[in-house]
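Architecture at a glance
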Amino acid sequence: MAGPRPRVEYLAGFCCPLGGLAAGKPRVLCHGAEIFLSTGSELVYVYDREGRLLIAVYKFPGQVWHLELLTLRRVLYVLCARSGIYCLSLDQTTRSVTQDEDGGDDQDSEDGQVSEPPVPVIPVDPDSCVLPDTSLHAFTVLDDALVTLALGPTQWKMQLFERPSPGEDPRPGGQIGEVELSTCTPPAESQGESAAPRFLPVLCCASPPGSRTPLGHSWSSGGVTLEGALFGLLFGADAALLESPVVLCGLPDGQLCCVIVKTLVTSTSAPGDPKALVKILHHLEEPVVFIGALRTEPLAEDVEDVHCDCLVALGHHGRTLAIKASWDEAGHLVPELREYSVPGPVLCAACDRSSRMYHSTSVGLRVVDLAQEGSPLDPTEHDGAPGSLPALLYPDSLGVCSLATLCVSSSEPEGGAELLALSAKGRLMICHLDPHNEAPQPSRVTSAKAGQKIKQLLSGIGTVSERVSSLKKAVDQRDKALTCLNEVMNVSCALLSSREGPRPISCTISTAWSRLQLQDVLMATCLLENSSSFSLDRGWALCVQVLRSSRALDLDSASSAITYTIPVDQLGPGGRREVTLPLGPGEDGALDLPVTVSCALFYSLREVVGRALTPRDPFKDPPSAEGTPVVLPEQDGVCLPLSEHTVDMLQGLRFPSLGVPHTEALGPAKDPIHTFLGTCRVPGSQPAGPESLRAKYLPPSVATIKVSAELLRAALGDSHAGMSLGCATLQWLLIENTAADIVKAQALSSVQGVAPDGTDVHLIIREVTVTDLCPAGPIQAMEIQVESSSLANMCRAHHAIVRRLQRLVVEQAARGSSPPDLRLQYLHQMQANHETLLREVQMLRDRLCTEDEASSCATAQRLLQVYRRLRSPSLLLL
């Protein structure tokens, strides 16, 4: 088929998302000089073709999915996503101020894009919503009815509403019919409320020849008039006798069905089988994107009305269905049904009043002719009886760019066609198809034209080469991203499957004091070791979180966390990476212990996968109107925990008396006022600060814990061989401190250290005998005593010891060790003594609130004594 060559006239450009407009959402309609279009966003534009300027821009509360224009009544129906159907009376809207000539020229810029509408945007009044329904996905308007298609939980539902007469309230009078379409479960992408469906249903109203609504006048491009023979064969005698319009419905799952309108109306008064109201015509097995009709047989000279004799339906991937009335060998009228395949994916399509169907793919606009003609190879070849459909379709490219939507203009030249279209890049254009301007036949090609054709072919080859290069780059990036993701999956599986035993990738944390800028700082060293067979390449990072606890004496202070992210570049098998981070003191000079240090491996999906998602082939299906779909998780990466370590007071102690490096503490930064007052003191006088007064007049805070010697021997094993149990216990408590080796070398059972704030902390381990607890005799135990002039530091050290002992008891219990027999009466007595002390504490605290200053001193002293007894219980860990 040698098709006519189009002449393209660009009118204006409209904003579109990066990558182009989405297929299935944009709409364009034309009536006279006015063009109504939507790009799939929330805006509807009214464009004056003669003046080449925008008349009005309407803004709806959501995406516009469909437009229907009633030209005789000047009414525009708009379907807004998840909102409903709006009705705009075009006669009641005022025309905006027109631009001057320069403004009109600027509007049709060279690149076809305008950043902002040149006229004010008119927000649509919510009262214009004539049918609010969040489940509506499609609609069509008849002469006296409104047909809608809503998405239910498992089925599509078609509803029929009475449309008001001219001059009345545009709201539908009420529902007059309803039927559920027998279809499969809608696609998952259509059921979500947050993501717009990729494909929308297609509705088309077909009327018999005797209908009072000619094609193209009361309905927009959604209505066709079929010949009586085809109408009766498709929809049955009932529809033909009733002269009832029929609504054709193409669904995203590929089903093509129909509903007779007048039968649907009568079903409300005389209910019958709902399935009898719906007739399934065919199944394309791919989303239906277009339903239309055309004329394949030539008309007689005295016939004016154009009735279509062929119904066509087009699928997204190019499957085409054509149905026509034909004669069989016996002379009976039968429906002839043929399936074709045209290049896809099909973005939009339209039929003119002849036998041509236009459809746009991702590479451009094509046309096929369904008239019974020979193929280009043999013009005399015919197939079948006269009036039958061709055996094959031969799509012809028109040399027009990819289109997002198009319609056939009502002002068609004789024998030709005029297409109004919106390109995928947002450019509004008119394609004039002149049948007299046909492509030259090969036999008439001259040398000059052959040279020009060669230039065009070479230019096309260059374009294809650029596209291939771009696609190859995108494929390489995606292959690289898939390789990286495969490595991430391997590392993740290796770490998650090795919860017990040594891990293939580990992070060891140790602490030590260091001197930085005339101040002692507790440093944490994180050693990342890769013992696996995988390599940690670009994209991996070591995340270290330092979680500081609230201060012991400040109940209002909140915990704070600091996260350090260190890129891990090229850490191969057997490699190590060491990171040193400061733990404190902070700016206020205080180090709040304990501090929890957590290490994790983090892989950034945004850096690697995001690059593979960015390249896009502009010739393929355009993206959705919302832009690039959100496919990455909120954290944009994969986080794999490695280890968690708690730095407590026993690790933060320094021991200047033992000669440990970096233990001659400078201490935290002092207050300048206190430093000045200290220099002004008379030589030989005592300092008057609160710390010195507490050390002079108050005894040190003491806490003790008794642990069974047998439990300690079983836990320490052979590590205490050659030394006393007290020395081994002290070494075990300070095993994570740098002074552990010196304690072992000097065989110490007591040691005096310095807390981060400079106060002393004394640890004493002594052997004691506990009687009256076991019927078998006395029990040998080790008493761990903590002394400090600072109550807060004593509590921190006591908490660290208790934490280690809890872990020790749990480990020994898991090994199956059991405690000896105990005297329950003795245990009950110790419990009663502690409850008595607790009640006495409450009583003394209540008394302090009511006594005067003289009487409160004795009460305070007694309260301190009771607290001291509570910190030294008689309980024994077995």
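Notes on the structure in this doc start here. This one's a predicted model, so the numbers in the text were calculated from it and none came from an experiment. (Residues numbered from 1 in each chain as written. Predicted model: local features only at pLDDT ≥ 70, side-chain atom pairs only at ≥ 80, totals over all residues. Heavy atoms only, no water.)

**Overview of the overall build of the protein chain**
- Of the regular secondary structure elements, the protein chain holds 15 helices and 42 strands.
- A total of 878 residues make up the protein chain; the buried ones form 45% of that total.
- For the protein chain, the share of sequence-separated contacts (at least 6 apart) that also reach a separation of at least 24 residues comes to 63%.
- Accessible area for the protein chain stands at about 44,400 Å²; split by element, carbon and sulfur atoms hold 54% of it. (Helix = DSSP H or I, 4+ residues; strand = E, 2+ residues; numbered from the N terminus. Buried < 20%, exposed > 50% of the residue type's maximum accessible area, 1.4 Å probe, protein only. Contact = heavy atoms within 4.5 Å. Areas by Shrake-Rupley, 256 points an atom, 1.4 Å probe, with all protein chains shown as cover.)

**Some points on the pattern of salt bridges**
- Tallied over the full model, the rule gives 19 salt bridges.
- The partner of R74 in a salt bridge is E34, and the shortest N-O contact between them spans 2.7 Å. You can see R74 sitting in the loop between strand 6 (64-70) and strand 7 (75-80) and its partner E34 sitting in strand 3 (residues 34-38), a full 40 residues away along the chain.
- The salt bridge involving E418 is made with R49; its shortest N-O contact spans 2.9 Å. With E418 in strand 29 (residues 417-423) and R49 in the loop between strand 4 (43-48) and strand 5 (53-59), this pair connects stretches of sequence that are 369 residues apart.
- What you see here is one network of salt bridges that share partners, running through D648, E736, R803 and R804. (Salt bridge = Lys/Arg side-chain N within 4 Å of Asp/Glu carboxyl O.)

**A short note on the packing of aromatic side chains**
- Within this structure, the stated rule accounts for 4 aromatic pairs.
- Centre to centre, the rings of F231 and F235 are 4.9 Å apart; their planes meet at 70 degrees, and the pair counts as edge-to-face. Note that F231 and F235 are positioned in helix 3 (residues 228-242) at a spacing of 4 residues, about one turn of the helix. The residues F231 and F235 share a single accessibility class, namely buried.
- Geometry around W513 places R654 over its ring, the cationic atom sitting 4.1 Å from the centre. (Phe/Tyr/Trp six-rings, centres within 6.5 Å; stacked < 30°, edge-to-face > 60°. Lys NZ or Arg CZ within 6 Å of the ring centre and 35° of its normal.)

**Quick notes on the sheet that holds strand 27 (residues 396-397)**
- Across the sheet, 4 strands lie side by side as 24-25-26-27; this open sheet has antiparallel pairing. Each edge of the open sheet carries a strand with a single partner, namely strand 24 (348-351) and strand 27.
- When strand 24 meets strand 25 (residues 356-360), the two strands line up antiparallel, connected through 4 bridges. When the bridges of strand 25 are listed, A349 appears paired with H359. (Pairing = 2+ DSSP bridges.)

**Section: the side chain of E529**
- Its place among the elements puts E529 in strand 32 (residues 519-530).
- A distance of 3.1 Å separates a polar atom in the side chain of E529 from a polar atom in the side chain of R576.
- Ignoring anything within four residues of it in the chain, the contact list for E529 reads P504, I505, S506, T508, G575 and R576. (Polar contact = N/O pair within 3.5 Å; in protein donor to acceptor, adjacent residues only side chain to side chain.)

**Overview of the packing of helix 10 (residues 709-716) against helix 13 (residues 791-814)**
- Direction vectors running N to C along helix 10 and helix 13 enclose 75 degrees, while the axes themselves pass 10 Å from each other. Relative to helix 13, the element helix 10 is oriented roughly perpendicular. Across the interface between the two elements, L711, L712, A714 and A715 from helix 10 touch L808, V809 and Q812 from helix 13.
- Within the contact of helix 10 with helix 13, the residues separate by chemical class into 6 nonpolar, 1 polar and no charged. (Axes fitted to C-alpha atoms, helices over the stretch in contact; angles between N-to-C directions. Parallel < 35°, antiparallel > 145°, perpendicular 65-115°, else oblique. Nonpolar A, V, L, I, M, F, W, Y, C, P; charged D, E, K, R; others polar.)

**Some words on the side chain of T140**
- Following the sequence through the fold, T140 ends up in strand 11 (residues 136-141).
- The residues touching T140, leaving out its near neighbours within four places in the chain, are E68, L146, V147 and L203.

**A look at the sheet that holds strand 36 (residues 595-604)**
- The 4 strands are arranged 34-33-36-37 in an open sheet whose pairing can be described as antiparallel. In this open sheet, the two strands that pair with only one neighbour each are strand 34 (560-567) and strand 37 (637-647). Each strand of the sheet is rotated relative to its neighbour by a mean of 20 degrees, with strand direction disregarded.
- Bridge count for strand 33 (residues 540-548) against strand 34 is 8 bridges, and the pairing is antiparallel. If you follow L547 over to strand 34, its bridge partner there is A561.
- Across the sheet, helix 5 (residues 447-496) touches strand 33, strand 36 and strand 37, and the angle it forms with strand 37 is around 35 degrees.

**Observations regarding the pairing of strand 26 (residues 365-369)**
- The buried fraction of strand 26 amounts to 5 of the 5 residues, a majority that puts the element mostly inside the structure.
- By the alternation rule, side chains of strand 26 split into L365, V367 and D369 and R366 and V368, which are all buried.
- When strand 25 meets strand 26, the two strands line up antiparallel, connected through 5 bridges. Pairing of M357 across the sheet is with V368, part of strand 26.
- Counted between consecutive antiparallel strands, the loop separating strand 25 from strand 26 contains 4 residues, among which G364 sits at a positive phi close to 155 degrees.

**Quick look at helix 5**
- With 50 residues, helix 5 extends 72 Å from end C-alpha to end C-alpha; this agrees with the ideal 74 Å at 1.5 Å per step.
- When helix 5 is considered as a whole, its buried residues turn out to be A474, A481, C484, V488, V491, S492, A494 and L495. (Expected span 1.5 Å × (residues − 1).)

**Let's talk about a nonpolar patch on the surface**
- Nonpolar side chains collect at one region of the surface, where I454, L458 and I461 lie side by side and expose about 310 Å² of accessible area between them.
- Tracing the backbone shows L458 in helix 5. (Patch = residues over 30% accessible without salt bridge, like charges linked within 9 Å, V, L, I, M, F, W, Y side chains within 5 Å.)

**A look at unusual backbone geometry**
- Omega for the peptide link from G584 to P585 comes to 5 degrees, which places this bond in the cis form.
- Secondary-structure assignment places P585 in the loop between strand 35 (576-584) and strand 36.
- With a phi close to 55 degrees, R52 is a non-glycine residue in the positive phi region.
- Its place among the elements puts R52 in the loop between strand 4 and strand 5.
- One non-glycine residue, Q570, adopts positive backbone phi at about 55 degrees.
- Mapped onto the secondary structure, Q570 falls in the loop between strand 34 and strand 35.
- Judged by its relative accessible area of 55%, Q570 falls in the exposed class.

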